[in-house]
Amino acid sequence: MKKIEIYEQAMCCSTGLCGPSFNPELLRLSFVINNLKNAGLVAERFNLTSDPHRFVENEEVKALLTSGGMDVLPATFVDGKLICKGHYPTNAQFVEWSGLSEEELVKKPKVRLSLKGDA
Amino acid sequence: MERFTRDHFPETPFLFFTGKGGVGKTSVASSLSITMASEGKKVLLISTDPASNLQDIFGQTLHNTPTKVNGTNNLYALNLDPEQAASNYKEQMVGPYRGKLPDVVLQNMEEQLSGACTVEIAAFNEFATLLTNTAIIDQFDIIVFDTAPTGHTLRLLQLPSAWSTFLDENTTGTSCLGPLKGLEPQREIYKEAVERLTNASQTTLMLVTRPETNPLKEAARASHELYEIGMKNQMVLINGLLQGESHDEIEQAFIQRQTKSLENIPKELIPFNKYYLPFVPYSLSSIERMQAWMTDSEVKHEKIIEEGTTIPEIEEMIADYIQRKPKLIFTMGKGGVGKTTVASYIALRLAEEGIRVHLTTTDPAAHLKWTFGEEAVENVTVSRIDPKEEVAYYEAEVLAKASETMNEEGLAFVKEDLASPCTEEIAVFRAFANVVEEHQDEVIIIDTAPTGHTLLLLDATEAYHREISRSQGDIPVSVSNLLPRLRDASYTSVAIVTLPEATPVVEAIRLEEDLQRAGLSVDWWVVNQTFTSINTTSPTLVQKQQAETKWLKEVESISNNQFVTIPWVKTPPVGTFGLHQLKGVNINEN
């Protein structure tokens, strides 16, 4: 089973909603990772704000940052090997690594939540 | 209504003062603390106001630990600065990585820790830590919190319930509390602090207000919101009731305005005990005088002699606007100083000069309609940004987009982040940017919310601006267009509104400093409700005039002479006719 690790720039929240606008890319990633976890796979996101020690501990990430600055983030490692930097992996890549089908990765809601809700 | 005296002193160990800047909150809190201490209680007075003038009142330096107040036996005071707390917190999070990660990375971390949430939570953290620190608390019989003006207080107080719910419901580990992760171990402390605040046998909320329509409305709003949060033990102190002592026409009008406002006291305030404190035309500068004010002994008048000063009228500022034609005019200042009135006046006068204007407000108390009256004025359009509504729009928009691609868990995730306090800042900012965008061909006059809110808004703007160059999201054009315009002095004009009194002037000075940090320059100062230009023989009001001189001079010097004054008016400045009185001409004719 492959271990997926994604190192991300400092963000208020993992969906990016606290940023200047709604970012579909971050939302996609949030729920892909959630589905991967639900399927029992090891998929982790490290955020510069909440997990800075991870960036120090991983020599390769540290070296990338030193040479390329913030543009190297997000950086994705699969089994400790750098796969892509500067953008998030595609759904196809996640399918390849996880063995899940694309349908399983992007499962549609069974019950649509009320927009009003209690949030 | 009875005068507030020792018979009415609250009996809970925690007293919490709230009220807009300028209503005399600090004076009341310190006078009450002094008096209770002189009667043998051991009292700790705590200021969480970034613009605290406790140090000036007591004439000594205060720290974040209790310091004995000179000239008293049982009174101790302590100062908490929320901005300092936020900066300490930031350093605590980033400091350990200096030298270990590249500078550019550290900057990214710092940026995320500079947001509105960080300041608020860091401030609350300080406050909660103190409220639950038995090593300090147990040494005192009574703890008096002299908090920042209402806007800030509300946020501070709303946080406990907001944050504790949020921490409970957060199941995914990453959230808007991400930057504040270091504070999560404190949640037990927050819980305890909330319990203290909402326990009626432990805490009394002291609502300080003035016998004037707007301050009473503000007090009602604060009362209601805090009641909803669970602070049900409240007491209302109406500060500055003038007792008639002469037949002076202005004094009579002053008293009449007060009486009328009290007759129409908002219904939210009716259930609570209400007491008044007599009008004092000067700063309460000595311990003896503060004690006398709190007991039923007579407050002796003090002779203050100040040389006269210049009193430029508001039309000078209007003439400047007509000549320079800025596109965006902010009237800024703490709540209760009359930002809405000044914004309405500018709108009305520019419209009368044939300029098309759009008048809007982000003040949660939004009484713009009230000030502008029900009449439609040619060349003027009016709108209001309601923070709650804007949050609802933003949520609906995001959830609608999200539900196209999300599963149920994904949506739950999104909802969680939307429930954070950041959302309001974003939503309000977007709405504000849209107003600017939609009214390109009009001069936009914005009556902003009280300082704390306003600055958070601008801080948020700044953060977005930097983020914009990098983010992949769809940024509304209106948002990316706005910030450079805010900093363009030919496009944007900022007028700071204040009153000729100690606290409002001190707060306005801090506000200007904060605006400068945000890259905005203030080009006008407006001193509202001045008595200096009014002919009066009332001994009390003559003293008030004398006391004002010091503050007018202060503003004259700070503003580099770019200031105007608005006279106190006999009837509230509502509608076209009411607003015209602010010119000052009518008053001088009396």
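Looking at an unreviewed UniProt entry, one finds chain B named Arsenic ABC transporter ATPase and attributed to Ureibacillus manganicus DSM 26584. Its UniProt record gives chain B the following Sequence similarities (unreviewed entry) comment, quoted word for word: "Belongs to the arsA ATPase family."

Going by the annotation in an unreviewed UniProt entry, the name recorded for chain A is Arsenic resistance operon repressor, with Ureibacillus manganicus DSM 26584 given as the source organism.

1. A short note on the overall build of chain B
Along chain B, the regular secondary structure elements total 23 helices and 16 strands. Counting the 590 residues in chain B, one finds 61% classified as buried. Residue pairs in contact within chain B that sit at least 24 positions apart in sequence constitute 78% of those at least 6 positions apart. Carbon and sulfur atoms make up 48% of the accessible area of chain B, which amounts to about 22600 Å² in all.

2. Describing the pattern of salt bridges
Residues and elements named next belong to chain B. Evaluation of the coordinates by the stated rule reveals 16 salt bridges over all chains. Residues Glu-501 and Lys-544 are paired through a salt bridge, measuring 3.5 Å at the closest nitrogen-oxygen approach. With a gap of 43 residues between them, Glu-501 in the loop between β14 (492–498) and α20 (502–517) and Lys-544 in helix α21 (residues 539–558) connect regions that are remote in the sequence. Residue Lys-544 is classed as buried on the basis of its relative accessible area, which comes to 8%. One network of salt bridges, in which partners are shared, links Arg-210, Glu-501, Lys-544 and Glu-548.

3. With respect to the packing of helix α1 (residues 25–38) of chain B against helix α11 (residues 287–294) of chain B
Pairs of packed helices are described in terms of their axes, by the angle between the two and the distance that separates them. Residue and element names in this part refer to chain B. For the pair α1 and α11, the least separation of the axes is 8 Å and the interaxial angle reads 90°. On the basis of their axis angle, the class for α1 and α11 is roughly perpendicular. Contacts between α1 and α11 involve Ser-27, Val-28, Ser-30, Ser-31, Leu-32, Ile-34, Thr-35 and Ser-38 on the former and, on the latter, Ile-287, Met-290, Gln-291, Trp-293 and Met-294. Its residues assigned to classes, the contact of α1 with α11 comprises 7 nonpolar, 6 polar and no charged.

4. Thoughts on the confidence of the model for chain A
In low-pLDDT segments, the atomic positions of the prediction should not be examined closely. All names here are of chain A. Of the residues in chain A, 75% have a pLDDT of 70 or more, and the chain-wide mean is 76. Strand β3 (residues 75–78) holds the highest mean pLDDT among the elements of chain A, 92, whereas helix α1 (residues 24–38) holds the lowest, 76. Across residues 108–119 the pLDDT falls below 50, and counting only partners more than four positions away or on other chains, this stretch makes 23 contacts in the model.

5. Structural notes on the side chain of A:Ser98
Residues and elements named next belong to chain A. Following the sequence through the fold, Ser-98 ends up in helix α4 (residues 91–98). Given a relative accessible area of 14%, Ser-98 falls into the buried group. Within the structure, Ser-98 has its side chain in polar contact with the backbone oxygen of Phe-94 (distance 2.7 Å). In this structure Ser-98 touches Leu-36 and Leu-41, once residues within four positions along its chain are discounted.

6. Remarks on the packing of helix α12 (residues 315–324) of chain B against helix α13 (residues 339–352) of chain B
Residues and elements named next belong to chain B. Where α12 contacts α13, the two axes come as close as 10 Å, and the packing angle between them is 55°. By the angle class used here, α12 and α13 are oblique. Crossing of α12 against α13: the hand is right-handed. Of the residues in α13, those touching α12 at Glu-315, Met-317, Ile-318, Tyr-321 and Ile-322 are Val-342, Tyr-345, Ile-346, Arg-349 and Leu-350. Class assignment of the residues belonging to the contact of α12 with α13 gives a composition of 8 nonpolar, no polar and 2 charged.

7. Section: the sheet that holds strand β3 (residues 43–47) of chain B
Residues and elements named next belong to chain B. The strand order across the open sheet formed by 9 strands is β1-β9-β8-β7-β2-β6-β3-β5-β4, and the pairing between neighbours is mixed. Single-partner strands in this sheet number two, and they are β1 (2–3) and β4 (67–68). For β3 and strand β6 (residues 142–146), the ladder comprises 5 bridges, and the chain directions are parallel. Pairing of Ile-46 across the sheet is with Phe-145, part of β6. Contacting β1, β8 (234–241) and β9 (273–278), α11 crosses the sheet at an angle of about 135° to β9.

8. Thoughts on the nonpolar core
Residue and element names in this part refer to chain B. If you look at the biggest cluster of nonpolar residues, it comprises 35 residues, and the most contacted ones within it are Leu-44, Ile-46, Ile-143, Phe-145 and Leu-269. With 5 residues, helix α9 (residues 213–229) is the single largest residue contributor to this core. Dropping the residues within four chain positions of it, Ile-46 is found in contact with Leu-78, Leu-80, Leu-130, Ile-143, Val-144, Phe-145 and Asp-146. Of all hydrophobic cores here, the second largest spans 33 residues; its members include Phe-9, Val-43, Val-144 and Leu-284.

9. Side note on the side chain of B:Gln234
All names here are of chain B. Its place among the elements puts Gln-234 in strand β8. A polar atom in the side chain of Gln-234 sits 2.9 Å from the backbone oxygen of Met-231. Filtering out sequence-adjacent residues up to four positions away, Gln-234 remains in contact with Leu-205, Leu-207, Ser-223, Leu-226, Tyr-227, Phe-272 and Asn-273.

10. Thoughts on the sheet that holds strand β16 (residues 563–567) of chain B
Residues and elements named next belong to chain B. Ordered in space as β12-β11-β13-β10-β14-β15-β16, the 7 strands form an open sheet in which the pairing is parallel. In this open sheet, the two edge strands, each paired with only one partner strand, are β12 (380–384) and β16. Neighbouring strand axes in the sheet, compared pairwise and without regard to direction, differ in orientation by 20° on average. Note that strand β11 (residues 357–361) and β12 share 5 bridges and pair parallel. Of the residues in β12, the one forming a bridge with Thr-361 is Arg-384. Helix-sheet contacts for α12 involve β10 (328–332), β14, β15 (522–530) and β16, and the interaxial angle to β15 is about 150°.

11. Remarks on unusual backbone geometry
Cis geometry marks the peptide bond from A:Leu73 to A:Pro74; its omega dihedral reads 0°. Here A:Pro74 shows up in the loop between α3 (59–68) and β3. A positive phi angle, close to 55°, is found at B:Gln529, a residue other than glycine. A relative accessible area of 25% places B:Gln529 in the partly exposed class. For B:Asn561, which is not glycine, the phi dihedral falls at a positive 70°. By secondary structure assignment, the location of B:Asn561 is in the loop between α21 and β16. Judged by its relative accessible area of 46%, B:Asn561 falls in the partly exposed class.

12. Some details on the pairing of β11(B)
All names here are of chain B. Taken across its 5 residues, β11 has 5 buried, putting it largely inside the fold. Side chains of β11 alternate between two faces, with Val-357, Leu-359 and Thr-361 and His-358 and Thr-360 buried alike. Relative to strand β13 (residues 443–447), β11 runs parallel, the two sharing 5 bridges. Paired with His-358 across the strands is Ile-444, a residue of β13.

13. Some details on α9(B)
All names here are of chain B. The first and last C-alpha atoms of α9 sit 25 Å apart over 17 residues, in line with the 24 Å expected at 1.5 Å per residue. Taken as a whole, α9 has its buried residues at Asn-214, Pro-215, Leu-216, Glu-218, Ala-219, Ala-220, Arg-221, Ala-222, Ser-223, Glu-225 and Leu-226. Directly beyond the C-terminal end of α9, a positive phi value near 120° is found at Gly-230.

14. What about the environment of B:Ser246?
Residues and elements named next belong to chain B. Structurally, Ser-246 can be placed in the loop between β8 and α10 (249–263). Linking Ser-246 and Thr-537, residues 291 residues apart in sequence, is a C-alpha distance of 8.1 Å. Excluding its chain neighbours within four sequence positions, the residues that come into contact with Ser-246 are Glu-251, Gln-252, Ser-538 and Pro-539. There is a polar contact of 3.2 Å between the side chain of Ser-246 and the backbone nitrogen of Asp-248.

About the cut-offs
Residues numbered from 1 in each chain as written. Chains lettered and ligands numbered in written order. Predicted model: local features only at pLDDT ≥ 70, side-chain atom pairs only at ≥ 80, totals over all residues. Heavy atoms only, no water. UniProt positions renumbered as here; feature names shortened; annotations may be inferred. Helix = DSSP H or I, 4+ residues; strand = E, 2+ residues; numbered from the N terminus. Buried < 20%, exposed > 50% of the residue type's maximum accessible area, 1.4 Å probe, protein only. Contact = heavy atoms within 4.5 Å. Areas by Shrake-Rupley, 256 points an atom, 1.4 Å probe, with all protein chains shown as cover. Salt bridge = Lys/Arg side-chain N within 4 Å of Asp/Glu carboxyl O. Axes fitted to C-alpha atoms, helices over the stretch in contact; angles between N-to-C directions. Parallel < 35°, antiparallel > 145°, perpendicular 65-115°, else oblique. Nonpolar A, V, L, I, M, F, W, Y, C, P; charged D, E, K, R; others polar. pLDDT = per-residue confidence, 0-100. Polar contact = N/O pair within 3.5 Å; in protein donor to acceptor, adjacent residues only side chain to side chain. Left-handed = near helix turned anticlockwise from the far one by under 90°. Pairing = 2+ DSSP bridges. Core = buried A, V, L, I, M, F, W, Y, C linked by side-chain atoms within 4.5 Å. Expected span 1.5 Å × (residues − 1).

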